[in-house]
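Read off the chains here:
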Amino acid sequence: MNTSSRLSRSFILTGALLALALFLSSPALARSVEQQKAMDWLNSYAAEMLQSRPHFIGYPINQDTELAGFYEWYKESGLYEAAMNNVGDPYKTSSLLLNSHPFERDVIDYFAPRFGFDKDYWGFVTASGTDGNNHGMYFGKKVLQAQSDLPPLAYVSEEAHYSIKKLADVQGLELRLIKADPMGRMDLADFEAQLDPTRPALVVIAMGTTFKGGIDNQMGINAILEKVGPPAVYRHQDAALFGSILGFLPPPASDLVNSAKMGFDSIAISGHKFWGLDEPAGVFISTQYVRDNINPFEVAYLKDAVPTITCSRSAISPLKLWWKITFSEPNVFENQAAQLIASAEYLHAELQKLGIKSWLNEYSNTVFFERPSQMIMDYYGLAPDENPEQGKLAHVLIMQHVSKDLLDTFIADMKKDFGK
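Residues numbered from 1 in each chain as written. Predicted model: local features only at pLDDT ≥ 70, side-chain atom pairs only at ≥ 80, totals over all residues. Heavy atoms only, no water.

Looking at the nonpolar core
With 73 residues, the main nonpolar core has Phe-191, Trp-275, Ile-285, Leu-382 and Phe-410 as its most contacted residues. Counting residues per element, this core draws most heavily on helix H13 (residues 332-353), which supplies 7 residues. (Core = buried A, V, L, I, M, F, W, Y, C linked by side-chain atoms within 4.5 Å. Buried < 20%, exposed > 50% of the residue type's maximum accessible area, 1.4 Å probe, protein only. Helix = DSSP H or I, 4+ residues; strand = E, 2+ residues; numbered from the N terminus.)

Here it is, written out as structure tokens:
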């Protein structure tokens, strides 16, 4: 090969290497490599979540989401290309055209009769159970302010959901924490002792306390309110989990979440618990009278007053709830509610047979028991608690994904853990 040819090949090779070096150092390739790393991390995260899903029994989140059909429709319909917003009153025409208000109304119309509200009701799909409680307390405050010049006092059991204390602080409400009995229910004697006869009362009723699944005695609460006679009363029912369970059980269980029978003014339930939504959501329902007493500020931008504290609201959550309600088999929710209670009774009985201290409230899917080792706590995702009388505790929330096989595996693990 002559000198000219060698030089030519050298230039070609050098040029190729330079081009390769430039390609390898290009921003596009760097982005591609970083994106692949990001995708690997995302896939690893998804695998970890799915691996933990089957034995996650320490919190009230139904893992049987069953939303594959919804997402198939969502993609095939092309709706995923639209950015929607449910701002405003779902029962009024919105100037923000891209919304799911008709389906939101249908969801409220489905739940309202089940919770004992007649045609004179109002509601919306919330961002969570806490969002529902926030509205119940805020609406209650506004109603009581309309009925009395005195500032209201809020009352709630010390074992009710932790959001109540936070929300009272946010809203500037004076809060009185009422003692709870060992099963997590409001202590009626302490409620009567703390109830101020001179100031309006905003009572938050716990329908299934966070850890023990205790249900406050509404008839007892109502009797004390009538006896002491505060100048005005508003009752909000925090029924995040138990509202859906009780509402699908036969009386007398369903009576406990019936406004016409129990006299409460508003109720909040969660959508990501019993209903198996894959994101936090919920439902709030009150009487129309309650809705009419909130702030009247008109928003010209929206051609209406916005009754909710939250302005922008998800338009997808109402669609998911509507999908569940509309396309589920007949009586499926009644069957699920009954099965949750039966499974809780089974677990409670089996733990007691092993000599493991265990407790279960009536109409509850929450079994609480003496705390096992940290290994058991971590594997099953159990929540801890402690009580002066009962000691260190843990609990299992029986949700739709908790099968008998899973319970039997858990019972066997508990047996080994306690050396029974």
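Thoughts on the layout of surface pockets
The probe, sized like a water molecule, is rolled over the atoms to show the empty space still left. One number sums up the size of the largest pocket: a volume of about 720 Å³. If you go around the largest pocket, you meet 39 residues; those closest to its centre are His-161, Tyr-162, Thr-209, Thr-210 and Phe-211. Considering every element that reaches the lining of the largest pocket, the biggest residue donor is strand S12 (residues 383-387), with 5 residues. Among the residues making up the lining of the largest pocket, the classes are represented as 15 nonpolar, 16 polar and 8 charged. Around the second largest pocket, the lining is made up of 14 residues, and of these Arg-185, Ile-215, Asp-216, Asn-217 and Glu-362 lie nearest the centre. A breakdown of the residues in the lining of the second largest pocket according to their chemical character gives 6 nonpolar, 4 polar and 4 charged. (1 Å grid on protein atoms, 1.4 Å probe; cavity = no way out; pocket = protein on both sides within 12 Å on 5 of 7 lines; lining within 4 Å. Points joined across faces, edges and corners; volume = space filled by probe spheres on them. Nonpolar A, V, L, I, M, F, W, Y, C, P; charged D, E, K, R; others polar.)

Things to note about the pairing of strand S11 (residues 366-370)
Most of S11 is tucked away: 4 of the 5 residues are buried. Alignment of strand S10 (residues 358-360) against S11, held across 3 bridges, turns out to be antiparallel. Bridge pairing links Trp-359 to Phe-368 in S11. The antiparallel pairing of S10 with S11 creates a hairpin that spans 5 residues between the two strands, and Tyr-363 there sits at a positive phi of about 60°. As defined by bridge partners, S11 adjoins strand S13 (residues 391-397) across 5 bridges and the pair is classed as antiparallel. Across the sheet, Thr-366 pairs through a bridge with Leu-397, a residue of S13. (Pairing = 2+ DSSP bridges.)

Concerning the packing of aromatic side chains
For the structure on display, the rule yields 30 aromatic pairs. Both rings, one in Phe-124 and one in Phe-284, keep their centres 6.0 Å apart while their planes meet at 50°; by these two values the pair is tilted. Highlighted residues: Phe-124 in strand S1 (residues 121-126) and Phe-284 in strand S7 (residues 282-287), separated in sequence by 160 residues. For the pair Phe-124 and Phe-284, a shared accessibility class is recorded, and that class is buried. Ring centres of Phe-274 and Trp-275 lie 5.4 Å apart, and the angle between their planes is 75°; on these two criteria the pair is classed as edge-to-face. (Phe/Tyr/Trp six-rings, centres within 6.5 Å; stacked < 30°, edge-to-face > 60°.)

Quick look at the sheet that holds S11
If you trace the 4 strands from one edge of the open sheet to the other, you get S10-S11-S13-S12, paired in antiparallel fashion. Two strands bound the open sheet, and with one partner strand each, they are S10 and S12. Neighbour-to-neighbour, the strand axes of this sheet turn through a mean angle of 30°, independent of strand direction. Along the sheet face, H13 touches S10, S11 and S13 and points at about 155° away from the line of S10. (Axes fitted to C-alpha atoms, helices over the stretch in contact; angles between N-to-C directions. Contact = heavy atoms within 4.5 Å.)

Topic: the side chain of His-236
Within the secondary structure, His-236 is located in strand S5 (residues 233-238). Within the structure, the side chain of His-236 is placed 2.8 Å from the side chain of Ser-266, a separation counted as a polar contact. If we skip the residues at most four places from it in the chain, His-236 touches Gly-132, Asn-133, Gly-136, Val-203, Val-204, Ile-205, Ser-266, Ile-267, Ala-268 and Phe-284. (Polar contact = N/O pair within 3.5 Å; in protein donor to acceptor, adjacent residues only side chain to side chain.)

Considerations on the environment of Val-257
The residue Val-257 is located in the loop between helix H9 (242-247) and helix H10 (259-262) in this model. Residue class for Val-257 comes out buried when judged on its relative accessible area of 0%. Residues Val-257 and Ile-245 lie 12 residues apart in sequence; the distance between their C-alpha atoms is 9.8 Å. With residues near it in sequence (within four places) discarded, Val-257 still touches Arg-114, Phe-115, Met-207, Gln-237, Gly-243, Leu-246, Gly-247, Phe-264 and Ile-267.

A few points about the sheet that holds strand S6 (residues 266-270)
Across the sheet, which stays open at both edges, the 7 strands sit in the order S1-S7-S6-S5-S4-S2-S3 with mixed pairing between neighbours. What marks the edges here is a single partner per strand, and that holds for S1 and strand S3 (174-178). The mean angle between the axes of side-by-side strands here comes to 15°, regardless of whether they run parallel or antiparallel. In the packing of helix H8 (residues 218-228) onto the sheet, the strands contacted are strand S4 (201-206) and S5, and the crossing angle to S4 comes to about 165°.

Looking at a nonpolar patch on the surface
The grouping of Met-39, Leu-42, Tyr-45 and Met-49 at the surface amounts to a nonpolar patch, some 400 Å² of accessible area in total. For Met-39, the location among the structural elements is in helix H2 (residues 27-52). Judged by relative accessible area, Met-39 falls into the partly exposed class, the value being 40%. (Patch = residues over 30% accessible without salt bridge, like charges linked within 9 Å, V, L, I, M, F, W, Y side chains within 5 Å. Areas by Shrake-Rupley, 256 points an atom, 1.4 Å probe, with all protein chains shown as cover. Salt bridge = Lys/Arg side-chain N within 4 Å of Asp/Glu carboxyl O.)

Some details on the packing of helix H3 (residues 68-77) against helix H12 (residues 316-327)
Running from N to C, H3 and H12 cross one another at 125°; their axes reach a closest spacing of 10 Å. Judged by the angle between their axes, H3 and H12 are oblique. For the pair H3 and H12, the sense of crossing is right-handed. Counted together, Gly-69, Phe-70, Tyr-71, Trp-73 and Tyr-74 of H3 and Ile-316, Leu-319, Lys-320 and Trp-323 of H12 form the full contact between these two elements. (Parallel < 35°, antiparallel > 145°, perpendicular 65-115°, else oblique. Left-handed = near helix turned anticlockwise from the far one by under 90°.)

What to know about H12
For H12, spanning 12 residues, the distance from its first C-alpha to its last is 16 Å, which sits close to the expected 16 Å at 1.5 Å a residue. Listed in full, the buried residues belonging to H12 are Ile-316, Ser-317, Pro-318, Leu-319, Lys-320, Leu-321, Trp-322, Trp-323, Lys-324 and Ile-325. Looking at the buried positions of H12, the neighbouring elements they touch are H3, helix H4 (101-114), S1, S7 and H13. (Expected span 1.5 Å × (residues − 1).)

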